[in-house]
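Next come the chains, spelled out residue by residue.
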Amino acid sequence: MVKCNIFLCLLLLFNLSSFSQVRLPSLVSNGMVLQRDTKLKIWGWAAPGEKVSLMLSTDKSKAYTAVANKSGEWTIHLSKQKPGGPYYMKIAASNHIFIDNILVGDVWLCSGQSNMEQTMGGRLKYRYADEIANANNSSIRQFLVPDKYNFNQPQKDIPNANWQILSPQTVQDFTAVGYFFAKELYEKNK
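Please read all numbers here as calculations on a predicted model, not as lab measurements.

Caption draft 1: Highlighting the layout of surface pockets. By volume, the second largest pocket amounts to about 280 Å³. Taken together, 14 residues line the second largest pocket, and the ones lying closest to its centre are Val145, Gln155, Asp157, Ile158 and Pro159.

Structure (C-alpha cells):
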C-alpha cells in the first residue's frame, strides 16, 4: 500500500512537471520569418511564475526575460531587427527550445476567399509547370492558417500549422497570388 502511494505521488509530480514546460505557438517555430525594422513580440506558455529567457543569435550579448503570469502566459518584446538570416533563437525555462532557420524580412498577410485559396498545385499546376519545377528560394516562406472556426472566443494558437520553405515540393501548397507577390518582392528587395 505504501509503495502504491509513493508511485501515485511520483506519477502526480511527473504529470505536474510536464505541464510546467515552456511551449510556443505554432507561429513561433523553425523556419519563421520575423518582420524587419519593427519591435517584435514573442510569446508562449509556461508554469505560472516561471522565468523564461530568450536569446536571438542576431544579438548574442542580450538576453531577454519574462515571467509567466497566473495563467501561464508570457511575452517578450525584442528590439528592431535588420533584414538577414538565417538566425536561431534559444528559449529557456524548465526546458529549452531551439528554433532554427529564422529569417528577418518582410511579412505579408494574404487574405481573401477563393482567389487567395487557389494554390500553385491546384488548377494552375499545368499552366505554371516550369514555375513549379524551378521554385527554389529558401527566403520565400509561407505560414498557411488552416480553416478552423471558433465563434466563442479568440484562439491562442493555430493547431496543425507550420512554416513552409519554398521548394518544388512545397510550392504546390502555396497560395498562387501570395507566391507571385513574394517572388516579385524578393526580386525587388531581396
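From this point, the narrative continues.
Caption draft 2: Spotlight on the nonpolar core. Among the nonpolar cores identified, the biggest contains 27 residues, and Ile42, Leu54, Trp74, Leu78, Met89 and Ile91 are the most heavily contacted of them. For this core, the secondary-structure elements that each account for two or more residues are strand E1 (33–35), strand E2 (40–45), strand E3 (51–56), strand E4 (64–67), strand E5 (73–78), strand E6 (84–92) and strand E7 (96–105). With 4 residues, the single largest contributor to this core is E7. With sequence-adjacent residues up to four places away left out, Met89 is seen in contact with Met32, Leu34, Ile42, Leu54, Met55, Leu56, Leu78, Ile97, Phe98, Ile99 and Ile102. Core analysis: the second largest hydrophobic core is formed by 10 residues, Met120, Leu124, Ala135 and Phe174 among them.

Caption draft 3: Quick peek at the sheet that holds E4. A sheet is described by the order of its strands in space; here 5 strands give the open sequence E1-E7-E6-E3-E4, paired in mixed fashion. The sheet is open, and its two edges are formed by E1 and E4, each paired on a single side. Each strand axis lies, on average, 30° off the axis of its neighbour in the sheet, ignoring direction. Note: E1 against E7, 3 bridges, orientation parallel. Opposite Leu34, over in E7, you have Val104 as the bridge partner.

What counts, and at which threshold
- Residues numbered from 1 in each chain as written.
- Predicted model: local features only at pLDDT ≥ 70, side-chain atom pairs only at ≥ 80, totals over all residues.
- Heavy atoms only, no water.
- 1 Å grid on protein atoms, 1.4 Å probe; cavity = no way out; pocket = protein on both sides within 12 Å on 5 of 7 lines; lining within 4 Å.
- Points joined across faces, edges and corners; volume = space filled by probe spheres on them.
- Core = buried A, V, L, I, M, F, W, Y, C linked by side-chain atoms within 4.5 Å.
- Buried < 20%, exposed > 50% of the residue type's maximum accessible area, 1.4 Å probe, protein only.
- Helix = DSSP H or I, 4+ residues; strand = E, 2+ residues; numbered from the N terminus.
- Contact = heavy atoms within 4.5 Å.
- Pairing = 2+ DSSP bridges.
- Axes fitted to C-alpha atoms, helices over the stretch in contact; angles between N-to-C directions.

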